[in-house]
Amino acid sequence: TERRASPHTVRAYLNDLGELLTHAAEAKHGDPEAVAKLGAADLDALTCRAYLASLHGRNDAVSIGRKLSTLRT
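Residues numbered from 1 in each chain as written. Predicted model: local features only at pLDDT ≥ 70, side-chain atom pairs only at ≥ 80, totals over all residues. Heavy atoms only, no water.

### Considerations on the overall build of the chain
This is how the line gets drawn: Per the convention used, a helix needs a DSSP run of H or I reaching at least four residues, while a strand needs a run of E reaching at least two, with both numbered from the N terminus. Each residue is placed in one exposure class: buried if its accessible area under a 1.4 Å probe, protein chains only, is under 20% of its type's maximum, exposed if it is over 50%, and partly exposed if it falls in between.
Helix and strand counts for the chain come out as 3 helices and 0 strands. Ordered by position from N to C terminus, the α and β elements of the chain give α-α-α. Based on the C-alpha atoms only, the size of the chain along its principal axes is roughly 35 × 30 × 20 Å. A burial count over the chain gives 23% of its 73 residues as buried.

Listed below in structure tokens is the structure:
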């Protein structure tokens, strides 16, 4: 509400965060379903960079830019 984002943008950001959490759970615990086991320390810069690197080749530049924006926000 503070940023006055549209419902579509909020939904896209939530999906992006879900993808990041799934990636982190798989990287840290070997199980993409282990999102509940993640702690704040599991979302370090290396994990975020690995997630962004994994997007290349399967997402277009605009989508990757939005996902990067999601992480920054």
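Still more ground to cover, so stick around.
### Some remarks on unusual backbone geometry
Positive phi outside glycine occurs at Arg 4, with the angle close to 55°. Summarising the element assignment, Arg 4 is placed in the segment before α1 (7-29).

### Overview of the nonpolar core
Proteins that are soluble and globular tend to have nonpolar side chains buried together. As a reminder of what qualifies: We define a nonpolar core as any set of buried Ala, Val, Leu, Ile, Met, Phe, Trp, Tyr and Cys residues linked to one another through side-chain atoms lying within 4.5 Å. The contact rule is simple, with two residues in contact once any of their heavy atoms fall within 4.5 Å.
By size, the foremost hydrophobic cluster in this structure holds 6 residues: Leu 20, Cys 48, Tyr 51, Leu 52, Leu 55 and Ile 64. Contact partners of Tyr 51, with chain neighbours within four places excluded, come to Asp 16, Glu 19, Leu 20, His 23, Lys 67 and Leu 71.

### A closer look at the environment of Val 35
Tracing the chain through its elements places Val 35 in the loop between α1 and α2 (45-55). A C-alpha to C-alpha distance of 9.0 Å links Val 35 and His 23, two positions 12 residues apart in sequence. Beyond its immediate stretch of four places on either side in the chain, Val 35 contacts Leu 21, Thr 22 and Ala 25.

### Considering the packing of α2 against helix α3 (residues 61-72)
Where we set the bar: Inter-axis angles, ranging from 0 to 180 degrees, are taken between N-to-C directions of lines fitted to C-alpha atoms, where helices are fitted over the stretch in contact. Every angle not falling under 35 degrees, over 145, or within 65 to 115 is termed oblique; those three ranges are roughly parallel, roughly antiparallel and roughly perpendicular. It is the rotation of the near helix from the far one that decides the hand of a crossing: anticlockwise by less than a right angle makes it left-handed, clockwise makes it right-handed.
The contact between α2 and α3 brings their axes to 10 Å, and the two run at 165°. Between α2 and α3, the interaxial angle falls into the category roughly antiparallel. Remark: the crossing between α2 and α3 carries right-handed chirality. Taking contact as the criterion, the partners of Cys 48, Tyr 51, Leu 52 and Leu 55 in α2 are, on α3, Ile 64, Lys 67, Leu 68 and Leu 71.

### Considerations on the environment of Arg 49
Of note, Arg 49 is situated in helix α2. Judged by relative accessible area, which is 64%, Arg 49 ranks as exposed. Each C-alpha atom of the pair Arg 49 and Leu 68 lies 9.7 Å from the other, and the pair is 19 residues apart in sequence.

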